[in-house]
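Chain residues, written in single-letter form:
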Amino acid sequence: MTEQQHTAQEELALFALQALPKAEQDAVRAHVAECSVCREELARLQGDVALLALSVEQHPLPAGARERLLERIANQPQSASNVVHIESGKTAKKIYSSVSWSLAAALLIFSVGSLLKVGQLNMKIQQQAEQLKQQEQDTAQATRALDVLTAKNAQHITLTSAQAHPEPEGRAVYLASTGGLIFQASHLDPLPADKTYELWVIPADGKAPIPAGLFKPDATGSASVVLPQIPVGVRAKAFGVTMEAAQGSKTPTLPILLAGAAGE
Amino acid sequence: MFAKLLNPILKLLRSESGGTTPSTGTIADASDVALLESVAAGQQQAMATLFDRYGGMVYSVALRVLNDTGRAEDLMQEVFLQLWREPGKFSSGKGSLGAWLAVVARNRAVDVLRGRKPSDPVDEVILTSKMDLSVEIERGLLMEKVRAVMKELPAEQQRSLELAFFEGLTHAEIAQQTGDPLGTVKTRIRSALGSLRKAVEA
Ligand SMILES: [Zn+2]
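Worth saying up front: this structure is predicted, and the values here are computed from it rather than measured. The residue numbers shown here count from 1 along each chain, following its written sequence. Labels follow written order: the first chain is A, the first ligand is 1, and so on. Where totals are concerned, whole chains, interfaces and linings use all residues; where local detail is concerned, this predicted model gives features only for residues with pLDDT of at least 70, and gives and counts side-chain atom pairs only at 80 or more. To get the side-chain values, take all heavy atoms of the structure and skip hydrogens and water.

Student: Before we move on, could you go through the overall build of chain B and cite the residues and values that matter?
Tutor: Helical segments are the DSSP runs of H or I of at least four residues, strand segments are the runs of E of at least two, and each set is numbered from the N terminus. Of regular secondary structure, chain B possesses nine helices and zero strands. From first element to last, N terminus to C terminus, chain B shows the α and β order α-α-α-α-α-α-α-α-α. Looking at chain B residue by residue over its 202 residues, the buried ones come to 55%. The contact criterion used throughout is that any non-hydrogen atoms of two residues lie within 4.5 Å. For chain B, long-range pairs separated by at least 24 residues make up 62% of all intrachain contacts whose partners lie at least 6 apart in sequence. With residues, only the protein chains shown are counted as cover, and all accessible areas are computed by Shrake-Rupley using a 1.4 Å probe. Total accessible area on chain B stands at roughly 8100 Å², and carbon and sulfur atoms take up 51% of it. Exposure classes here rest on a 1.4 Å probe applied to the protein chains alone. A residue is buried below 20% of its type maximum, exposed above 50%, and partly exposed in between.

Have a look at this one:
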């Protein structure tokens, strides 16, 4: 192939997916190594392909996976040349001609193509991040306020333990239009064996709180709820966390352990 | 009742707004680059943090391809061990460790699934992504978006794309399996990727 005859977009897409037979794959690789036009188009397609890896349903890690990894790491020497480096254009060129070009290209992902394309999404994400910051602050304050409000009943919380441990906190980002909700909490108190934490969406229209997922903290007190099944289009006034019996509840049981207003 | 109880708290919040103290940075908030530097310096805690950040994603990708929790964990362990042994092989200057790990996991898993030798050495992977997947919120939003797009694709487009990406089939194998002409398969995959791109842009 020559630069006069560019690789068809369909071929490039298949190349990005590693879905071409060996001979065709080699041909595309050879052309792309020489042709910046196709290289750029491929990079864009690789960006699209990489998105697929994000589409998979997220599963919790098998129990003990973290410990197993850390144990192996503790027993594993690192290589001598552990330098985190920024690739120069020169290195990149070398890679174009190497056998592993397809993976290299596969990882030229979001920038060349999608950076431009995903710019808008990034902006949205940035807005979300700003909202998140606000919500984080709100949640921290809500936690503090709740501590005050529930002080009479909080006989098990001694002054020393409150100082020895960071306060529990949570943060949520919510897109009413899709019913998408992501929640993270840290410094949570350990749960009794027969209990779970439960997240709630408090609708702005005053209707009953909507259960938005059960979660239990890990050894470090962290937990998250990612995209629970909740109705689409519910305007939220606030979010709350309660402790419930292990199977969860349809209505929240007081006290509210964490709460935060859905800032606008 | 719940909402009523919440109201005084929210009011309190509003009257107090501005009085919060900024949260202090911890290792959990460190950037991928900073963490990789710590990993290169042999700090296991940094590795643990990276694992907490991306372990679930890598595992989920491997599980989707291999459909076997044991093999998926083995693969995940291998990917992270590799990162521990040779963190310099990810060139962090340009981008997203999360995307890199996800694609490495996919490619490795497909190799395992198809009984192939690793087709692409990890050490020559370049990543220039600016997409920050290190924040779970952002990752979650993007995942949600991609998933929604996938669901809306015509069934045969979705199927072709999944056979290629998650099962590592060539276009000829896909054509054989679906009984469609090669050209049709090619077009479908191209259109499906196009839709995905368009939707993420939107
Ligand atoms: Zn060309």
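Once the structure has been displayed, the description carries forward.
Student: Give me the lowdown on the packing of aromatic side chains, citing residues and values where you can.
Tutor: Any two of the Phe, Tyr and Trp rings considered here, Trp counted by its six-membered ring, make a pair once their centres fall within 6.5 Å; the pair's planes then place it as stacked at under 30 degrees, edge-to-face at over 60, or tilted in between. Tallied over the entire structure, the rule returns three aromatic pairs over all chains. Relative to Phe-215 of chain A, the ring of Tyr-197 of chain A lies with its centre 5.6 Å away and its plane at 20°, an arrangement referred to as stacked. Highlighted residues: Tyr-197 of chain A in strand S3 (residues 195-203) and Phe-215 of chain A in strand S4 (residues 210-215), separated in sequence by 18 residues. By the burial criterion, Tyr-197 of chain A is buried, and Phe-215 of chain A matches it. Ring centres of Phe-51 of chain B and Phe-80 of chain B lie 5.2 Å apart, and the angle between their planes is 70°; on these two criteria the pair is classed as edge-to-face. With Phe-51 of chain B in helix H3 (residues 44-66) and Phe-80 of chain B in helix H4 (residues 69-85), this residue pair connects regions lying 29 residues apart in the sequence. No difference in accessibility class separates Phe-51 of chain B from Phe-80 of chain B, as the two residues are buried.

Student: Give a description of the coordination of the zinc ion that names residues and reports values.
Tutor: In ideal tetrahedral geometry, four donors around a metal make angles of 109.5 degrees, whereas ideal octahedral geometry with six donors gives angles of 90 or 180 degrees. Residues and elements named next belong to chain A. Distances from the zinc ion to its protein donors, His-6 (ND1), His-31 (NE2), Cys-35 (SG) and Cys-38 (SG), fall at 2.0 to 2.3 Å. Metal coordination here is assigned from N, O and S atoms located within 2.8 Å of the ion, or within 3.2 Å for Na, K and Ca; omission of water means that sites may look incomplete. Sites are called tetrahedral only when four donors show all angles between 85 and 135 degrees, square planar or octahedral only when four or six donors show opposite pairs over 155 degrees and all other angles between 65 and 115, and irregular in any remaining case. If you look at the zinc ion, its four donor atoms make angles of 96 to 133° with each other, and the shape they trace is tetrahedral. For the zinc ion, the single-chain donor residues occur in sequence as H-x24-H-x3-C-x2-C. Taken together, the positions of His-6 in the segment before helix H1 (9-16) and His-31 in helix H2 (residues 22-34) put the pair 25 residues apart, joining distant regions of the chain.

Student: Just give me the short version of the pattern of salt bridges, but keep the residues and values in it.
Tutor: A side-chain nitrogen of Lys or Arg and a carboxyl oxygen of Asp or Glu constitute a salt bridge if their distance falls within 4 Å. Using the criterion set out here, one finds 12 salt bridges over all chains in the structure. The residue Arg-64 of chain B makes a salt bridge to Glu-162 of chain B at a minimum N-O spacing of 3.7 Å. A residue pair is termed long-range when its members are at least 10 positions apart, and Arg-64 of chain B in helix H3 and Glu-162 of chain B in helix H7 (residues 155-165) qualify at 98 residues. A relative accessible area of 32% means that Arg-64 of chain B is categorised as partly exposed. Using a relative accessible area of 18% as the deciding quantity, one classes Glu-162 of chain B as buried. Put simply, Lys-22, Asp-26 and Arg-29 of chain A are held in one network by salt bridges that share partners.

Student: Would you mind going over the sheet that holds S4 of chain A in detail, with residue names and values included?
Tutor: Within a sheet, each strand pairs with its neighbour through backbone hydrogen bonds, oriented either parallel or antiparallel. Residues and elements named next belong to chain A. Being paired, for any two strands, means DSSP has found at least two bridges between them. Strand order across the open sheet formed by four strands is S4-S3-S6-S7, with antiparallel pairing between neighbours. The open sheet has two edge strands with one neighbour each: S4 and strand S7 (258-261). Shown here is a sheet whose adjacent strand axes are inclined to one another by a mean of 20°, direction ignored. Sheet analysis places S3 next to S4, joined by four bridges and oriented antiparallel. Residue pairing across strands places Glu-198 opposite Leu-214, the latter belonging to S4. Angles shown run from 0 to 180 degrees and are taken between the N-to-C directions of axes, each axis being a line fitted to C-alpha atoms and, for helices, limited to the stretch in contact.

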